[in-house]
Each structure stands twice: as structure tokens, then as C-alpha cells.
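Residue-level structural notes
One-letter residues, chain by chain:
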Amino acid sequence: MSYEKSKDLFLGFDLSTQQLKIIATDENLEHLETFHVEFDDLYKEKYGIKKGVISNDDSGEIVSPVAMWLDALDHIFGHMKEKGFPFDKVRGISGSGQQHGSVYWSNNAPTLLQGLKADSPLSEQLKGAFTFENSPNWQDHSTGEEIKTFEETVGGSDHLAEITGSRAHYRFTGLQIRKLAVRTNPSKYRETYRISLVSSFMASVLLGKITNIEQAEACGMNLYDIKKDDYDEELLSLAAGVHSAKDGATKEQTEAGVSELKKKLGEIKPITYENAGDISQYFVNKYGFNSDVKIYSFTGDNLATIISLPLAPNDILTSLGTSTTVLLITKNYIPSSQYHLFMHPTMPNHYMGMICYCNGSLAREKIRDSVNEKTGVKDSKSWDKFNELLDSSDTFNNELGIYFPLGEIVPNASAQYKRCKLDDQNKLINVDSWDVEEDVSSIVESQTLSCRLRAGPMISSSGSADSTPTPESSDSRKLYQDLHQKFGDLYTDGKKQTYESLTSRPHKVFFVGGASNNISIIKKMGSILGPTDGNYKVEIPNACALGGAYKASWSYFCESETKWINYDAYINKYFNFKELDTIKVKDHWEDYFTGMGMLAKMEQELKHD
Ligand code: ADP
Ligand code: XUL
């Protein structure tokens, strides 16, 4: 790789569960080279990990060794140096970390970080810098008790979501902190000087000083009041184990415990392009960075993914991996216990909605397998027959199925199948089974309609004070009235759907992930979601690292201009649009109003555990 033509380089980090990745981009957002370290390849024995983590099946505890991340950082920079990487051209660094994980610094950390010497590895010099040697991982399931405590205390999951953007989840940092502070190691918790998230931990190491948690990432803790732009004191008291009712703490103990935890977490400053400082001399001396390389705040991996694309408000990114994750940008703060809202990492007053489904590709594979078996397709993994059937199913035929081979998160329901037809009186009739061929279109339709029902409130203009209302067209008014006549009021996850939420269309829809290679599937999905400005398929194998590099170069650009440049304007200017594949789709948005009504009603009849 030759860097001769590049003037300025930017590095984007991705510290994920199984690897550390770094992408180098130039001043034109050109992606130049990727470097990575697989943790299992190098550290299986040294740290006793498997797939990057140490798991305890009995307790559900899953952690990652912090020292391993330090080793990985030295290793990857060492490898880049061996390959002659021009560190002296790097101007800025940002990146992302797996969300929710936390790192616990000791009192010695500031001195140790400041005094790092180039002649020995980070992990050795920072041995005494942590109170806990492991970081709770996002896959951890050991905090069931804390979920109950958090939700009960604030009056339920929906109320917790109102405050923090999400209901309580095992992996969320506040719950993990409470587990350590109350159940597993109160004295080490008390000894802890500062707490970082995985993202701010990596930024801190690069800076040689502990830096703040970034505001968008802070929303993954169940501690931060998004509307107030500040910590919620009652939730902090829970995390610190000093809640009056739950922990029997006196007023003084609560106040002291809350203020102690606030100090440990540090202040959360509003989203900014401003740097957090210059790179530590350790990296200057050891690898040849210039002393004035700027370190910009690191964010969460999903948050970094949305900034790797020219995503504007009301655009949807549909990630069709093993599970389906829908990320969207919205101005509307409409929280729900069924999905997550985070602040947007580069657009003030915007949010990222994240809907995580459990039943995605695997549920579709089951239908594919049945179709292949029934029709005698030899290659059982072939999608050809499935696609042929999907392509020939043109519009909605008043039949819909729900396919949950695994328990589902959205909506919260146990593993089950449900198939319904709509009769002439618009009544739902349960059907035990139908030809498996029917399931092909039905599964793609119901998965997409679920997303449309949930994205609707977030992309509609009704929830936002300063956006222009959707022009009320007589067509959409009529569609809404017909729907209402058939089904009455519709509710999704306990919230009433409105005219705006049911009739708002997304702006653009982007498809990524394994199943986005299946054009028949994404065409069907696109035709139902009905974006006004097109459907696109994108290959972004290193999205979160790339998002980090773009964030670094955008921040550097804003700093050099000494003013805020809108992130989407910046990305649009430099983004290589050739990387987007436009998918031509027949628009069936209107035909699926009845489908929305059916799905909303069917979801209300689902079984729960
Ligand atoms: P991960 O969640 O591990 O990142 P990927 O993004 O690689 O996964 O997606 C894997 C899933 O993509 C598989 O479960 C598979 O069903 C689905 N997939 C891959 N290719 C196709 C295809 N041509 N048609 C439909 N599904 C596909
Ligand atoms: C998001 C989450 C995961 C991790 C993966 O809430 O827990 O997507 O961020 O690294």
C-alpha cells in the first residue's frame, strides 16, 4: 500500500468482542487499509478466552480481559510499524467500542497512564491501573436481579425507557455497576477511581489520561436522562447501591454514594467535534506518531455504524445478519421498552433508534429448508426456489404469518408460530397451517411490517416540535380511514398508532449484512417499507471502524475551520456514492396498510413466557 499521495491520514478503531480493527482513511474519506488482531488467534492461552471472552455458564457472567485489549493495541501498532505505515501522516484518531462494557480504573491509573515508557508493553506498565481486571461484556446475562430492581424502582420498563431511552437490559452498564457495588465486590467498587466505557477506555489509553464518556454512548447505561442531558440521580443511587428503599440507605448515604459514582463516571459533555487532547508520548516515541495527533471521542459500535454512511434523518439502515437490527435516525424522542434510543454521535438534537430482532435470518432459513424439502431441491441451502416464490408473490393477499422459532424481543413474545387470514368481514381467522409456499412471502412481509410499524412513530413528523408536518394528502388520509374502519385503533408495544405514524414514509432505506445479498428479499422489503428516496444495498464490512475514521476526519475538518460543519453535509460531499447499489423496487407501500392492521392485531394475541 502506498501512502505517497495522501496528505492527512485518519485512523478509525473498532474494539469489538473478538478483534481489534483499525482502518486508515485519507482527507477525502478514501478507505486505504485495514489492520486487525483476532483475540483468539493470539491470546487464547494467555487470557483463557474463547471467542474473545471468558464465560461462566452457571452465573451467566461474560467478561473480557482488559489487559488483552492493551496487548492487542501494542500488537496492531507494532504490526503497522513493521509494514512501514506512515504514522507521521496521522492527524486524528477516533473509533468505537462494543457498547455497554465498562472498565474500572484504580487510583494509580492517572500516574501510570502519564508515565508510560516506550520500552515496555502497555499491559505490563498498566498492571496496577485497574480495580477489576475484566470488563463486563455485552453478552453477559448475570444481572437478572438488577433488571428487576431498576425497573421496579422507576415504575416499570416503559418508564425507564422514557428516561434513559431503553428498558433495563442485562448488559447495560448501570446494572453491571450495581452488581459489582452491591453483590460481588463492594470494596473494589469503592476503591475504583474512575469508570470508563470500552470506547472511552480506548480513547483514554491513547491520550494517556482518563477521558469522558461520550454522550451518545452514555445512553447505553440506563443511568443517563436523555431529555435532561444529565445523569438521573435515582438511577445513580441504584447503581451505587445507596437507594433509600432498595438498599435502606440514609439520605446522607444516598447523597454521598451518588456523588461518589458521579465522580467515578465523570461529566458527560454534549456531542462535540472538539478533540479530547493530543496522543500520549508513549505512542509518539514507540511508533512514530507526531506529538499533535488529535484524539476525538470514541463512541459505540452501532453508533459508529450509522455515521459510516450518508444517513440523514428519517433514513433507515436495515442490517440483515443472523438477527435483524434496524438503525434509524430521527428527531423524535419517542422511547419504547421494545427498542433503544441513543443520542446521535455527530448530529445534535437527533437520535439513533435501534430495534434488535431475534428472529431474522434463521427463521427465514427454516422456511427455505421446508420449501426446498417439499419441492425436492437438491441443494438444501439454495435460496433459488424461495426467491422464485417470493418474486412471484406480487402484492398483499390478506394472509400473514408470525414466525418466531426463537423467543422474540420485539414484540416481547415466546417462541411460536401464528398464521392468520382476513375474512370478508375483516375478522382475523387463525389458520393452523397452509402450503409452505405461502410462508415464503408471509415471513418476509411480517418481518418487514414489524419494522414499518415500529419505525413509523420515529420517522413521523408528529413527534417533533420543529419538523415540517407531513403534507396531508387525500390519498394517505383515505388509506388511514380505510385501515381504521377495518381494524379500529392500532397499538404497537402498548402505544397507539396515529395518522402520522402510520402514513409517514422513510426517506431512504439501506440494506447491509448477509441476507442483503438476496435481492429478492430486499426488493420485497423495500416495496413494503416504501422509502420516498430509494432503496440501497451497501457493502460495509468494516462499518464501525470506518465510522470512527470518518468521525476523526470530520472533527479535524471542523476544528481547522473552527466551526461546526453539519456531519451529513460533510459525508455527502466526500462519500463515494459508487459504493451504494440502487435497488429498483415496485412500490407497494399502499397495498400493505391492511398488512399493518393484521400484524398489529395478531401481535396482541401472541403468547408470552
Ligand atoms: P452475522 O450476524 O454473523 O454478522 P451475516 O451478516 O454474515 O451474519 O449474515 C448471516 C446470515 O445471512 C445467515 O444466517 C444467512 O441466512 C443470511 N444470508 C446470507 N446469504 C444469503 C442469501 N443469499 N439469501 C438469504 N439469506 C442469506
Ligand atoms: C448493542 C449491543 C451490541 C454490542 C456489540 O446494544 O449490545 O450490538 O454493541 O458489540
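For the structure, check the block above.
Residues numbered from 1 in each chain as written. Chains lettered and ligands numbered in written order. Predicted model: local features only at pLDDT ≥ 70, side-chain atom pairs only at ≥ 80, totals over all residues. Heavy atoms only, no water.

1. Section: unusual backbone geometry
Put simply, the rule reads: Runs of H or I in DSSP of at least four residues are treated as helices and runs of E of at least two as strands, each being numbered from the N terminus. Relative accessible area decides the class of each residue, using a 1.4 Å probe on protein chains only: under 20% of the type maximum gives buried, over 50% gives exposed, and in between gives partly exposed.
The peptide bond linking Val410 to Pro411 adopts the cis configuration, its omega dihedral lying at -5 degrees. Positionally, Pro411 belongs in the loop between β19 (399-404) and β20 (416-422). The backbone phi angle of Asn222 is positive, close to 60 degrees, even though this residue is not glycine. With respect to the element layout, Asn222 can be found in the loop between α10 (215-218) and β10 (224-225). For Asn222, a relative accessible area of 0% puts it in the buried group. For Asn398, which is not a glycine, the phi torsion comes out positive at approximately 60 degrees. Topologically, Asn398 is positioned in the loop between α17 (384-392) and β19. The class of Asn398 is partly exposed, set by a relative accessible area of 31%.

2. Thoughts on the nonpolar core
What counts is decided by this rule: Only buried residues count toward a nonpolar core, which is a set of Ala, Val, Leu, Ile, Met, Phe, Trp, Tyr and Cys residues joined through side-chain atoms within 4.5 Å. Any two residues whose heavy atoms approach within 4.5 Å are treated as being in contact.
Counting 108 residues, the largest nonpolar core has Phe150, Ile177, Leu223, Leu261 and Leu265 as its most contacted members. If near-sequence neighbours (up to four positions away) are discounted, Phe150 is found in contact with Leu160, Ala168, Gly174, Leu175, Arg178, Asn222, Leu223, Leu235, Leu238 and Ala239. Residues Phe77, Phe201, Leu207 and Tyr287 belong to the second largest nonpolar core, which totals 54 residues.

3. Points about the sheet that holds strand β8 (residues 134-136)
Defined as follows: DSSP bridges decide pairing: two strands pair if at least two such bridges lie between them. For helices, the axis comes from a line fit to the C-alpha atoms of the stretch in contact; other axes are also lines fit to C-alpha atoms, and the angle between any two N-to-C directions lies between 0 and 180 degrees.
A sheet is described by the order of its strands in space; here 3 strands give the open sequence β4-β5-β8, paired in antiparallel fashion. Single-partner strands in this sheet number two, and they are β4 (54-56) and β8. Looking at each pair of strands side by side, their axes are set apart by 30 degrees on average, direction ignored. Relative to β8, strand β5 (residues 61-65) is paired through 3 bridges, and the arrangement is antiparallel.

4. Some thoughts on the pairing of β20
With 5 of its 7 residues buried, β20 lies for the most part within the structure. In this structure, β19 lies alongside β20, joined through 6 bridges in antiparallel fashion. Each residue of the ladder has a partner; that of Glu399, found in β20, is Lys421. Relative to strand β21 (residues 428-430), β20 runs antiparallel, the two being bridged by 3 bridges. Residue pairing in the sheet places Cys420 in a bridge with Asn430 of β21. Turn length for the β20-β21 hairpin, with the two strands adjacent in sequence and antiparallel, is 5 residues, and the turn residue Asn426 shows positive phi of about 60 degrees.

5. Some points on the site of ligand 1
Heads up, the condition is: We call a residue near a molecule or strand whenever a single non-hydrogen atom of that residue lies within 4 Å of it. Pairs of N or O atoms are called polar contacts if they sit within 3.5 Å, as long as, within protein, a hydrogen donor faces a hydrogen acceptor (for residues adjacent in sequence, only side-chain-to-side-chain pairs). Here the open area of atoms and residues is found with the Shrake-Rupley method and a 1.4 Å probe, where only the protein chains shown may cover a residue.
What surrounds ligand 1 is the set Leu320, Gly321, Thr322, Ser361, Glu365, Trp383, Gly513, Gly514, Ala515, Asn518 and Ile521. At a separation of 2.3 Å, an oxygen atom of ligand 1 approaches a polar side-chain atom of Glu365. Contact distances for ligand 1 include 3.3 Å between an oxygen atom and a backbone N or O atom of Ala515. If ligand 1 stood free it would expose 580 Å²; the protein chains cover 58% of that surface.

6. Remarks on empty space enclosed by the protein
What counts is decided by this rule: Cavities and pockets were defined on a 1 Å grid built over protein atoms only: a cavity is a set of grid points that admits a 1.4 Å probe from which the probe cannot escape, a pocket is an open set flanked by protein on both sides within 12 Å along at least five of seven lines, and lining residues are those with an atom within 4 Å of any such point. Grid points are joined across faces, edges and corners, and a volume is the space filled by probe spheres set on the points. Note on residue classes: Ala, Val, Leu, Ile, Met, Phe, Trp, Tyr, Cys and Pro are nonpolar, Asp, Glu, Lys and Arg are charged, and everything else, Gly too, is polar.
A full pass over the atoms with the stated rule returns 3 cavities of 30 Å³ or more. Counted as a void, the largest cavity has a volume near 200 Å³. Lining the largest cavity are 19 residues, with Tyr357, Asn359, Ser446, Gln447 and Ser450 positioned closest to its centre. Within the residue set of the lining of the largest cavity, elements represented by two or more residues are β19, α18 (436-459) and α24 (593-603). Counting residues per element, the lining of the largest cavity draws most heavily on α18, at 5 residues. Looking at the lining of the largest cavity residue by residue, the classes come out as 11 nonpolar, 5 polar and 3 charged. Taken as a whole, the second largest cavity spans an internal volume of roughly 50 Å³. Around the second largest cavity sit Tyr480, Leu483, His484, Gly488, Asp489, Leu490, Gln497 and Leu502, which together line it. For the lining of the second largest cavity, the leading source of residues is helix α19 (residues 474-487), giving 3 residues. Within the lining of the second largest cavity, the residues separate by chemical class into 4 nonpolar, 3 polar and 1 charged.

7. Here's the deal with the site of ligand 2
Ligand 2 sits among Gln98, Gln99, His100, Trp138, Arg171, Asp301, Asn302 and Met354. His100 places a polar side-chain atom, nitrogen or oxygen, 2.6 Å from an oxygen atom of ligand 2. Contacts to ligand 2 include Arg171, whose side-chain N or O atom sits 2.7 Å from an oxygen atom. When ligand 2 sits alone it has 290 Å² of accessible area, and the protein chains cover 87% of it. Its residues assigned to classes, the shell around ligand 2 comprises 2 nonpolar, 4 polar and 2 charged.

8. A look at the sheet that holds β21
Here 3 strands make up an open sheet; going across it, the order is β19-β20-β21 and the pairing antiparallel. Looking at which strands have only one partner, the edges of the open sheet turn out to be β19 and β21. Strand after strand, the sheet turns through a mean of 25 degrees between neighbouring axes, direction not considered. Across the sheet, α24 touches β19, β20 and β21, and the angle it forms with β19 is around 45 degrees.

9. Quick look at the packing of aromatic side chains
Quick reminder of the rule: Aromatic pairing here means that ring centres of Phe, Tyr or Trp (its six-membered ring) are within 6.5 Å. Orientation follows from the plane angle: under 30 degrees is stacked, over 60 is edge-to-face, and everything else is tilted.
For the structure on display, the rule yields 34 aromatic pairs. Look at Phe87 and Tyr287: their rings are 6.0 Å apart centre to centre, the planes differ by 40 degrees, and that puts the pair in the tilted class. Of this pair, Phe87 sits in the loop between α2 (66-82) and β6 (90-97) while Tyr287 sits in helix α14 (residues 281-287); the two residues are 200 residues apart in sequence, bridging distant segments of the chain. Across the pair, exposure class does not vary: Phe87 and Tyr287 are buried alike. Aromatic pair Tyr104 and Phe132: ring centres 5.2 Å apart, planes at 75 degrees, arrangement edge-to-face. Separated by 28 residues along the polypeptide, Tyr104 in strand β7 (residues 102-105) and Phe132 in the loop between α4 (122-125) and β8 bring together distant segments of the chain. Just as Tyr104 is buried, Phe132 falls in that class too. Three or more aromatic residues joined by ring pairs form one cluster here, namely Tyr3, Phe13, Phe35, Phe77, Phe85, Phe87, Tyr282, Phe283, Tyr287, Phe289 and Phe298.

10. Re the packing of α18 against α24
When two helices pack together, their arrangement is captured by the angle between the axes and the distance separating the axes. Going by this rule: By definition in this entry, angles of less than 35 degrees are roughly parallel, angles greater than 145 are roughly antiparallel, angles of 65 to 115 are roughly perpendicular, and the rest are oblique.
Where α18 meets α24, the axes come as close as 10 Å, and the angle between the chain directions of the two elements is 90 degrees. Between α18 and α24, the angle is such that the two are roughly perpendicular. Residues Ser446, Leu449, Ser450, Arg452, Leu453 and Arg454 of α18 lie in contact with α24, whose contacting residues are Phe593, Gly595, Met596, Leu599, Ala600 and Glu603. Here the residues of the contact of α18 with α24 sort into 6 nonpolar, 3 polar and 3 charged.

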